[in-house]
Every structure is written in C-alpha cells, then in structure tokens.
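# Topology and contacts: notes
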Amino acid sequence: MTTEDSEQGGASASTPDSPGRSQAQTRPQVRKASWKLIGPGIVVAATGVGAGDLVATLIAGSKFGYTLLWAAVIGCIVKVALAEATGRWHLATGRTIFEGWRSLGSWTTVYFAVYVVIWGFVYGGTAMSSAGLPLDALFPGVLDLKGWAIITGLVGLVFVWFNRYAVFEKVMTAMIGVMFVVVVYVAVLVSPDIGAAFSGLVPVLPDGSVFYTLGLIGGVGGTITMAAYGYWVNAKGWTDSSWMKMMRLDNRVAYITTGVFVVAMLIVGAELLHSANIAIAEGDKGLADLDKVLADRFGSFTSTLFLVGFFATSFTSLIGVWHGVSLMFADFVERLRAARAAGGEDGTGGDGGDATGEKAVRAVAGGQRERSLPFRAYLLWLTFPPMALLWLEQPFLLVVVYGVLGAFFMPFLALTLLWLLNSDRTPREWRNGIVSNVMLFVSGMLFIVLCVQQVREIPW
C-alpha cells in the first residue's frame, strides 16, 4: 500500500526544478515516526465507522457466522491503501486533494459541488437521528427521538464551531477508546469460537453472500471522510514529505483499530445472533435491536454499556463529518475564489499553482480554515436544514440523487488517486509503486461493482 520501493529508489535523483542539486539536499529531513503523535488516523477511523457500518457487519455475522471474516480483513487493507494514498498526495505535493481533482478537469468541480451540497443535507439528518437513538434508549420518556437528534446536532455544531483540531482530536480519541472497550467487551462476553474464527480467514463464498462480501470489503469505514484524511493530516501540522513515515504509521494504526471493530461485531453477530437465529433491522435501528438482545442475555449493565458505546460510535461520526467535510468545503470555496481571481484559470499548474497549493495547506495547518466563513457556513448547512428531514419523509427525488452521488464517490476517489499519483503532478519519488497501483485499481473496480449494486437498489 506504500511506495517505500520508489522512495528509496529515487533517493539520489535530481529534482526537476533544481537539476543541479541532489534530492537529499532539497527533500525535507525525514522525521521519526512516533506512537505519541498518532492522531489523524484515529480521527478518520472514528468518523468512518458509523452505527450503520457496524450493523452491516453484525448482519453478515448473523447470516453467515464467521465465514466472511476474511472479507472484513481485506476491507481494512483496501482502506489502508486509499487513506495512505490520500495522505501521500497532501504531503508529497503540498496541495490538497481538491486541488488535485481540479487539475483533472472542471468535471470534478461540478461533481463535488453537487455531491457535497446534497450529500451534506441528507447526511445531516441521518447522523443526528443515529446519535439520538441511543440517547432515546438510555433516557426513555425524557424526549422523543427528534428532540435528542436536534440536541446532538446542536452540540456537534457548537463543539466544532468553537474548538480547533487539537481539542477535536483529543475528544475523538477518548470516544474511540470508549467504542473500543465496549465493542471488545461484548465480543469477549459472547464467548467466541476461536477455531471457527480462524477458519473464517480462508476465502469462501456461501450461497447468497456475494454482495454481503462486497459490502464488508468496501463499506466499513469507507466514506467521504477518507478524502478528509489528508486535511486532518495537514491540520495536525504535517505539511510536507518529512512526515511521510509518521503518516503511514498513523494510517496503519487507524485501520488496525477499524479491523478490531469489524471482527468484534462479526463475532457478536456469529455467536449471539447466528447461533440463536435472531434477526435484527438493517441500518442504525439494528443496534437498538441488539441492545434488547443483550439485555435479555446479559442484563441491564451490559445493555447500558453497549448503548454508551453506540452513542460514542454515532456521535464521533457526526462531529467527524461536521469538522472534516467542512474543511473540504472551505478548501473547495477557496479554490473557486483563487480560480476566479486568476481570471478563470485552474490555479493548479505552474509556480502560481504551487504557491496557491502551499498557501491552502498552510491555512489548514494554521487553523485559518476552521475559522473561515465557508467552514462555518457548511457547518450550519449540515445542522439546520437537515432538521426538516426529522419530520418529513425524505423526498423521492432527493433519495435518488443522494443514492447515485453517494454510490459514485468511492470509485471516484480510488480512480482519481490512481490518476494523480501516477502522473507528473506528484514528485517522482512519491508516485505509486506496484503494490499501491494494484490496491487502488482493485479498490476502484470493487467500488464500481458496489456502485452498480447501490444504484440498482435505489427506489426509482
């Protein structure tokens, strides 16, 4: 998933813009990777794994036992490759991923503009409902679900509005710690069959499991927040290639953590639901169903602890999107302003483009983006208009457009990264190696298959 081979192979090459100087003279000194600095990866893991993702894994376990464990492991490897590629683009080029997309043509701007507006509107209502569900179960009769959903949205808005990345990262780390303890505790409590779990690492496709398998590989932890990873890397203060080793360590830790969540929920589904032939609802409400099963089997303490973990899972996804996608939107607006100021030029090529890109990265690293008007405007867009969806059924056309745009995002991300990281937009020593190319290509093909399936399932 990395390009250590190309990194070492290009160590003595000359840079294109300074042919008389060796790369060792021009490349920033490599910083030592330290466990103490891990952060953006934890944020992307906490944001990407939502309640719906855990339910999808739980249902796969309930239907097929441990048989699809291998697919969950492959899914985490795929996400390592995608997130590494995103972070590598930001650090190697000094440009944001949106600036990279713009360099591929105006079609990327049109797609992103439509996507981020419609997706944000629908996701806002979904995220608030998801975070409100466990609170409604923990405090029955105090408020209805709509009331809890509105409160979580407002708390998320206030938290992201008034805090910067450093505080945001600490809170996300604490909450993913809660998620980790609760999910692993429940998995241990159901007494996993270790032998059966290891046998699930052998690739097998039971009848009727194809799209569950693809969903496990492509779904858990895979959203627009993967593209936000590069922005969180910059917000951490990692702004050039000297941080590459640190970013790679950070990214691997993130998806090992994600892998633990996935495996733990598959164990719960296999042991608690599959063996007893218990069915749960799809989507976020499936975790509310699991709460009742846990209460009957293990008592109120375990049930309450699970609901706390459910809330941590949902709320980290909410504030992660509120922060990360708002950073992306702010960059999107600033890139359009820069293009307009340049008289309609892309602003992505030549010295001017490099200067603009470095300025954007420094703005993210320095916290200016978090205080900008576009950042806060998108925060408001995510919070207030979607509240209408808590009372209304989602309009039919909106559901269709949201489904289509959402289905296309992951193949869009995988294939544009493949394009960008094999072109002269990326310094030669940081371009894709064979492993990265294979992983991104396989990811792109996988997500295209999932995209077709999702589009077919849309209620046209």
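Residues numbered from 1 in each chain as written. Predicted model: local features only at pLDDT ≥ 70, side-chain atom pairs only at ≥ 80, totals over all residues. Heavy atoms only, no water.

## Regarding the overall build of the chain
Cut-off, in case you're wondering: For the purposes of this entry, the term helix denotes a DSSP run of H or I that reaches at least four residues, the term strand denotes a run of E that reaches at least two, and both are numbered from the N terminus. By the convention used here, residues are in contact when the closest approach between their heavy atoms is within 4.5 Å.
Check the secondary structure of the chain and you find 19 helices and two strands. Taking all contacts inside the chain whose residues are at least 6 apart in sequence as the whole, residues at least 24 apart take part in 85%.

## Observations concerning helix α9 (residues 165–189)
Convention followed: To estimate how far a helix should extend, the number of its residues minus one is multiplied by 1.5 Å. Partly exposed residues are those whose accessible area sits between 20% and 50% of the maximum for their type, while under 20% is buried and over 50% is exposed, using a 1.4 Å probe and protein chains only.
Counted at 1.5 Å a residue, the expected span for α9 with its 25 residues is 36 Å, and the 36 Å between its end C-alpha atoms agrees. Three or more residues of α9 are buried, namely Tyr165, Phe168, Glu169, Met172, Met175, Ile176, Met179, Val182, Val183, Val186 and Ala187. Check the buried side of α9 and you find it contacts α3 (40–48), α8 (145–162), α12 (225–235), α13 (244–274), α14 (285–298) and α15 (300–341).

## Details of the nonpolar core
Let me state the cut-off plainly: Within this scheme, the nonpolar core is defined by two criteria: the residues are buried Ala, Val, Leu, Ile, Met, Phe, Trp, Tyr or Cys, and they are joined through side-chain atoms within 4.5 Å.
The biggest cluster of nonpolar side chains holds 134 residues, and the ones touching the most others in it are Leu82, Trp101, Leu287, Leu290, Trp322 and Phe409. Apart from the residues lying within four places of it in its own chain, the contact partners of Trp101 are Thr108, Phe112, Ala227, Met328, Phe409, Phe412, Leu413, Thr416 and Leu420.

## Topic: the packing of aromatic side chains
Convention followed: Centres within 6.5 Å make a pair out of two Phe, Tyr or Trp rings, where for Trp the six-membered ring is used; the pair is then stacked when the planes are under 30 degrees apart, edge-to-face when over 60, and tilted otherwise.
Taken as a whole, this structure holds 24 aromatic pairs when the rule is applied. Between the aromatic rings of Trp238 and Trp243, the centroid separation amounts to 5.6 Å while the plane-to-plane angle is 15 degrees, which identifies the pairing as stacked. A residue is classified by how much of its surface remains accessible, and Trp238, at 2% relative accessible area, is buried. Judged by relative accessible area, Trp243 falls into the buried class, the value being 12%. Seen from their ring centres, Phe329 and Phe332 are 5.8 Å apart, and the 45 degrees between their planes marks the pair as tilted.

## A word on the environment of Ile319
Along the chain, Ile319 turns up in helix α15. Among the residues examined, Ile319 registers a relative accessible area of 0% and is labelled buried. Separated by 273 residues in the primary sequence, Ile319 and Ala46 have C-alpha atoms spaced 9.8 Å apart. Setting aside residues no more than four positions away along its own chain, Ile319 makes contact with Gly156, Phe159, Val160, Phe168, Val171 and Met172.

## So, the pattern of salt bridges
For clarity, the cut-off: Salt bridges, as used here, are contacts in which a Lys or Arg side-chain nitrogen is within 4 Å of a carboxyl oxygen on Asp or Glu.
On inspection of all chains with the given rule, the structure shows five salt bridges. In this structure, Glu84 and Arg248 form a salt bridge, with 3.1 Å as the shortest nitrogen-oxygen distance. Here the residue Glu84 occupies a position in helix α5 (residues 69–93), and Arg248 occupies one in helix α13, the gap between them amounting to 164 residues. Here the two residues Glu84 and Arg248 agree in accessibility, since each one is buried. Taking the shortest distance from any N to any O, the salt bridge between Glu169 and Lys236 comes out at 3.0 Å. One end of the pair, Glu169, is in helix α9; the other, Lys236, is in the loop between α12 and α13, with 67 residues separating them in the sequence. The exposure class assigned to Glu169 is buried, which follows from its relative accessible area of 10%.

## Quick notes on the side chain of Ser242
How we decide: Polar contacts, as counted here, are pairs of nitrogen or oxygen atoms within 3.5 Å of one another; within protein the pair requires one atom able to donate a hydrogen and one able to accept it, and residues that are adjacent in sequence qualify only if both atoms are side-chain atoms.
Take Ser242: it is sitting in the loop between α12 and α13. Within the structure, Ser242 has its side chain in polar contact with the side chain of Asp240 (distance 2.4 Å). Apart from the residues within four sequence positions on either side, Ser242 is in contact with Pro28, Gln29, Val30 and Arg31.

## Focus: α12
Extensive coverage of α12 is indicated by the burial of eleven of its eleven residues. Every buried residue belonging to α12 is among Thr225, Met226, Ala227, Ala228, Tyr229, Gly230, Tyr231, Trp232, Val233, Asn234 and Ala235, and all of these are buried. Positive phi shows up at Gly237, right after α12, with a value of about 105 degrees.

## Quick look at the environment of Met246
Note on placement: Met246 falls in helix α13. Judged by relative accessible area, Met246 falls into the buried class, the value being 0%. Along the chain, Met246 and Ser34 lie 212 residues apart, while their C-alpha atoms are 6.7 Å from each other.

## As for the packing of helix α7 (residues 106–138) against helix α17 (residues 373–383)
To keep it simple, the criterion reads: To obtain each axis, a line is fitted to C-alpha atoms, and for helices this fit is confined to the stretch in contact; angles are then taken between N-to-C directions over 0 to 180 degrees. Every angle not falling under 35 degrees, over 145, or within 65 to 115 is termed oblique; those three ranges are roughly parallel, roughly antiparallel and roughly perpendicular. Polar here means any residue other than Ala, Val, Leu, Ile, Met, Phe, Trp, Tyr, Cys and Pro, which are nonpolar, and Asp, Glu, Lys and Arg, which are charged; Gly is therefore polar.
The N-to-C vectors of α7 and α17 enclose an angle of 55 degrees; their axes lie 7 Å apart at closest approach. In terms of their interaxial angle, α7 and α17 are classed as oblique. Counted together, Val116, Val117, Trp119, Gly120, Phe121, Gly124 and Met128 of α7 and Tyr378, Trp381, Leu382 and Thr383 of α17 form the full contact between these two elements. For the contact of α7 with α17, a count of residues per class yields eight nonpolar, three polar and no charged.

## A look at a nonpolar patch on the surface
To keep things clear, this is the line we draw: Like-charged residues within 9 Å of one another, or nonpolar side chains (Val, Leu, Ile, Met, Phe, Trp, Tyr) within 5 Å, are grouped into patches, provided each residue has over 30% relative accessible area and no salt bridge. Per-residue and other accessible areas follow the Shrake-Rupley method at a 1.4 Å probe size, with only the shown protein chains counted as cover for residues.
Together, Leu415, Ile434, Val438, Phe441, Val442, Met445, Ile448 and Val452 make up an exposed nonpolar region whose accessible area comes to about 680 Å². Here the nonpolar patch gets seven residues from one element, more than from any other, and that element is helix α19 (residues 434–457). Considering the arrangement of structural elements, one finds Val438 in helix α19. By relative accessible area, Val438 is classed as partly exposed at 44%.

## A closer look at the confidence of the model for the chain
Put simply, the rule is: A score between 0 and 100, pLDDT records how confident the predictor is in each residue.
Here the chain averages 85 in pLDDT, and 86% of its residues register 70 or above. The element-level mean pLDDT for the chain is lowest in strand β1 (residues 14–15), coming to 36, with α17 highest at 97. Scored below 50 in pLDDT, residues 1–25 shows 46 contacts in the model against residues more than four places distant or in partner chains. Across residues 345–352 the pLDDT falls below 50, and counting only partners more than four positions away or on other chains, this stretch makes 14 contacts in the model.

## Structural notes on the environment of Met172
You can see Met172 is positioned in helix α9. Under the relative-accessibility criterion, Met172 is labelled buried at 0%. It is 9.4 Å that separates the C-alpha atoms of Met172 and Val44, two residues lying 128 residues apart in sequence. When near neighbours in sequence (up to four residues on either side) are disregarded, Met172 contacts Val43, Ala46, Thr47, Thr316, Ile319 and Gly320.

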